[in-house]
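Examining the three-dimensional arrangement
Each chain, written out:
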2 protein chains.
Amino acid sequence: MVNMETNKIQSSDLERFIRQVFYSLGFNDAESESGARVLTLADLRGVESHGVARLGGYVRLVDAGKIKPNANPYVERQSYGTATLNADSGLGLHMAGKAMHLAMELAQLHGSGWVSVCNSSHFGIAYSHITHALERGMMALALTNASPLVAPAGGKERLLGTNPICLGIPAGQYPPFVLDMATTVVANGKLEVAARKGVNIPLGYAQDAEGNPSTDPTILTQGGSMVPLGGSLAHSSYKGYGLGAAVDILSGVLSGANYGPWVPPFVPFLGNITEKQGDGIGHFVGAWQIDGFMDPQLFAQRMDTWIQRFSQSVPAAGVDRVYVPGQLENMTHAKRLETGIPIGISVWESLAALDSRFGIGIIHS
Amino acid sequence: MVNMETNKIQSSDLERFIRQVFYSLGFNDAESESGARVLTLADLRGVESHGVARLGGYVRLVDAGKIKPNANPYVERQSYGTATLNADSGLGLHMAGKAMHLAMELAQLHGSGWVSVCNSSHFGIAYSHITHALERGMMALALTNASPLVAPAGGKERLLGTNPICLGIPAGQYPPFVLDMATTVVANGKLEVAARKGVNIPLGYAQDAEGNPSTDPTILTQGGSMVPLGGSLAHSSYKGYGLGAAVDILSGVLSGANYGPWVPPFVPFLGNITEKQGDGIGHFVGAWQIDGFMDPQLFAQRMDTWIQRFSQSVPAAGVDRVYVPGQLENMTHAKRLETGIPIGISVWESLAALDSRFGIGIIHS
């Protein structure tokens, strides 16, 4: 099952293991399956920062009573194609998918459907939630707020999360266009990777507690903050800040969740945030039917032309090739389905400890 | 009317002048009023690159038969809360507002309303189109594609416009949250300003025809291109590229307009683009009612708390203050309403020529 020479694990084994961990924690079948699917999908697509490396974090929050297994989400408010879902302190990995399914139902009745989610928890890789809509030929958007680690452009306080924007648009012969991005220069996972390797980070990724640029990958544990996309005021970091702020408002303010500096953190070094502005963290998802804008067949052809033209984009001096958004992740996905998912030694050890705690018998130290 | 010592003009005089120019070109009252309102609003908010400095460009395109006065826009397709508007080669400054009004009507029936627009032309400052929805207490989005001047991240061909994203969210006691940003590091207007002053641009704004970073503000006229937000591959310019691409697809591919490198250019130095993928340029606008998500009164209170907290954000070392998105533009707007709009000498001369051509009698050389 596990090739110890290459430190790789087949995705089906990994998914089975994660499902078993969630199940052992008291999550029901649907929650456990969503949790396993979403985390495995992140690793398949090369987004290790949102994959099984985070499993221990979810377990910690469940142990601490901050994520509730077997939750009962309910629609708190609805009008035509818009609604708010209360996730009942449940597993964000599952609840965001439920919200997307509701948005898709609303889109069938109203052209587009929009669901804000409160009282939820970390939803993992945003891409995993838009796949449901893409499979049904819809365009979809997924946003979430997150642990306050990011300073506004020109600021030094940590007021925002890395608040991702994920937009998917189906095509014809090509896989869908998929943009899935943190609204910071890089996700905080990149700092963790650099810290493990003991190397500095480039200037422009993060800053110290006074707002001075920093190359220290552990700066977040010393009061430092991530920098919004743009990287500096001179290079328009107010735009990355504005995007992250918009995600925070749509996900947190609109749903009744916490927002800004009051978002309950996923990362342990932020400790507890005692002041509240709402319940849990928030998401915002939506789906559009294409039919109301254009014949879907014609749209698929036009998307194929778009993707083809941009795939053929001539690279700049010193660059190998230009990727259409989502293309690189699709290539990693295909390769890892075949050859397995590489797992670093420290993550491996954390998984072996979980295996041993729950007596699963898939991951051995 | 015009203070020649300060080179300032009162916004009401400027708006009257612009309306008269459009009217003289054969546009009807509604078109002329929209055109004047949208261009003046850009100058009031300090976005000179999209203000009256562009008037001569619109006149040139009308003279060339590329923008049609007195156009008859029509709904080409519709299903529930989604629709496509054909702008009949009309004035984008007017058509985008019409599309937003349609989106607002659809939002009243379906919770949210979405309109893609084909066969249109440059729509000016995106903010001007979301004001209609903000005034009615709705959240709104406005996107457009534009002249191909931007290379994909890692590429050297000009395949995208500076494709703006504008999102507005109403608050309570505070003015609305307004994000209005090009998806490039800076708008191409900044290069024009530097060229007029004869100064270099910072690295990271633009690149030469081979994709090498350039500090030459005239590089776009030598085959160079603008760089997506992020500024370099190491600082995640694929994110700015992905956002600009998403705007292009929603505005151009989905509506039946041209997209990517086939967008008919506004700037004269790109010449004619003869190959077509659709009609004119494209926009995408939408509006959400708040009521389906949350009680609007409660939402307004929560937005006020958000804005208050972020307004109080402690600045980083060397920074005066942190602005909430839209705040700086609101301050400029208030000031210029009172003290007038500064007009540079070259723009002034172009306006005087138009005044003389149409015998208006407001702007004198």
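Residues numbered from 1 in each chain as written. Chains lettered and ligands numbered in written order. Predicted model: local features only at pLDDT ≥ 70, side-chain atom pairs only at ≥ 80, totals over all residues.

Scanning chain A for helices and strands turns up 10 helices and 13 strands. For the C-alpha atoms alone, the extent of chain A along its principal axes is close to 55 × 50 × 50 Å. Across the 365 residues that make up chain A, the buried fraction comes to 59%. Here the analysis covers contacts within chain A between residues at least 6 apart in sequence; of these, 62% occur between residues at least 24 apart. (Helix = DSSP H or I, 4+ residues; strand = E, 2+ residues; numbered from the N terminus. Buried ≥ 20, exposed ≤ 12 C-beta atoms within 10 Å, placed from the backbone. Contact = placed C-beta atoms within 7 Å.)

Here we take up the relation of the copies chain B and chain A. The operation relating chain B to chain A is a screw motion whose rotation component is 180°, with 0.0 Å of axial translation and a residual RMSD of 0.0 Å. In the structure described here, the two chain copies are related by an operation that fits a two-fold rotation axis. In terms of C-alpha distance to the rotation axis, chain B has B:G230 as its closest residue, with the C-alpha 2.3 Å off the axis. Taken together, the interface assignments show that 99% of the residues at the interface of chain B recur at the interface of chain A, consistent with an identical surface on both copies. (Least-squares fit on C-alpha atoms with pLDDT ≥ 70 in both.)

Moving on, we come to helix α2 (residues 29-44) of chain A. All names here are of chain A. The end-to-end C-alpha distance of α2 is 22 Å, a good match for the 22 Å that 16 residues give at a rise of 1.5 Å each. Buried residues dominate α2, accounting for 12 of its 16 residues. Where α2 is concerned, the buried positions are E31, S32, S34, G35, A36, V38, L39, T40, L41, A42, D43 and L44. Packing partners of the buried residues in α2 comprise α1 (11-24), α3 (55-63), α4 (92-110), α5 (127-135), α9 (327-339) and β13 (341-342). Once α2 finishes, G46 follows within two positions and takes phi at roughly 85°, a positive value. (Expected span 1.5 Å × (residues − 1).)

Counting from both sides, the interface comprises 72 residues of chain B and, opposite them, 71 residues of chain A. Listing elements by their share of the side of chain B that touches chain A, those giving two or more residues are β3 (74-79), β4 (82-86), β5 (112-120), β7 (165-169), β8 (177-181), α7 (237-253) and α8 (296-311) of chain B. With 7 residues, α8(B) is the single largest residue contributor to the side of chain B that touches chain A. Split by residue class, the side of chain B that touches chain A holds 36 nonpolar, 28 polar and 8 charged. (Nonpolar A, V, L, I, M, F, W, Y, C, P; charged D, E, K, R; others polar.)

Here the focus is the domain arrangement of chain A. All names here are of chain A. In terms of domain boundaries, chain A breaks down into domain 1 (1-70 + 335-365), domain 2 (72-185 + 234-311) and domain 3 (191-226). Computed from C-alpha coordinates alone, the two centres of domain 2 and domain 3 are separated by 27 Å. The interface is formed by 10 residues belonging to domain 2 together with 10 residues belonging to domain 3. (Domains from an automatic or database assignment.)

On to the confidence of the model for chain A, then. The predicted model of chain A has a mean per-residue pLDDT of 96, with 98% of residues at 70 or higher. For this predicted complex, the interface confidence score (ipTM) comes to 0.97, while the overall pTM stands at 0.98. (pLDDT = per-residue confidence, 0-100.)

To continue, consider the sheet that holds strand β9 (residues 206-207) of chain A. Residues and elements named next belong to chain A. Spatially, β10-β9-β11 is the arrangement adopted by the 3 strands of the open sheet, whose pairing is antiparallel. Two strands close off the open sheet at either side, each with one partner strand: β10 (213-214) and β11 (225-226). Here β9 runs beside β10; their pairing, made up of 2 bridges, is antiparallel. Bridging from a neighbouring strand, Q207 pairs with P213 of β10. (Pairing = 2+ DSSP bridges.)

Here the focus is the nonpolar core. Among the nonpolar cores identified, the biggest contains 239 residues, and A:M100, A:A103, B:M100 and B:A103 are the most heavily contacted of them. Aside from chain neighbours lying at most four places away, what touches A:M100 is A:H129, A:I130, A:H132, A:A133, A:A140, A:A142, A:V285 and A:A287. (Core = buried A, V, L, I, M, F, W, Y, C linked by C-beta atoms within 7 Å.)

Below, the discussion takes up the pairing of strand β6 (residues 139-144) of chain A. Two faces, one strand: in a regular strand the side chains alternate between the faces of the sheet. Residue and element names in this part refer to chain A. In terms of burial, β6 is a largely internal element, 6 of the 6 residues being buried. Covered by surrounding structure in β6 are M139, L141 and L143 together with A140, A142 and T144, the residues of both alternating faces. Pairing between β6 and strand β12 (residues 281-288): 6 bridges, direction antiparallel. Note on β12: the bridge partner recorded for L141 is G286. Of the strand pairs in this sheet, β6 and strand β7 (residues 165-169) are connected by 4 bridges, and their pairing is antiparallel.

Let's shift gears to the sheet that holds strand β3 (residues 74-79) of chain A. Pairing between the strands of a sheet is mediated by backbone hydrogen bonds and can be parallel or antiparallel. Residue and element names in this part refer to chain A. Here 7 strands make up an open sheet; going across it, the order is β3-β4-β5-β12-β6-β7-β8 and the pairing mixed. At either margin of the open sheet sits one strand with a lone partner, and together these are β3 and β8 (177-181). Adjacent strand axes in the sheet meet at a mean angle of 10° when their direction is disregarded. By the bridge criterion, 7 bridges tie strand β5 (residues 112-120) to β12 in an arrangement that is antiparallel. (Axes fitted to C-alpha atoms, helices over the stretch in contact; angles between N-to-C directions.)

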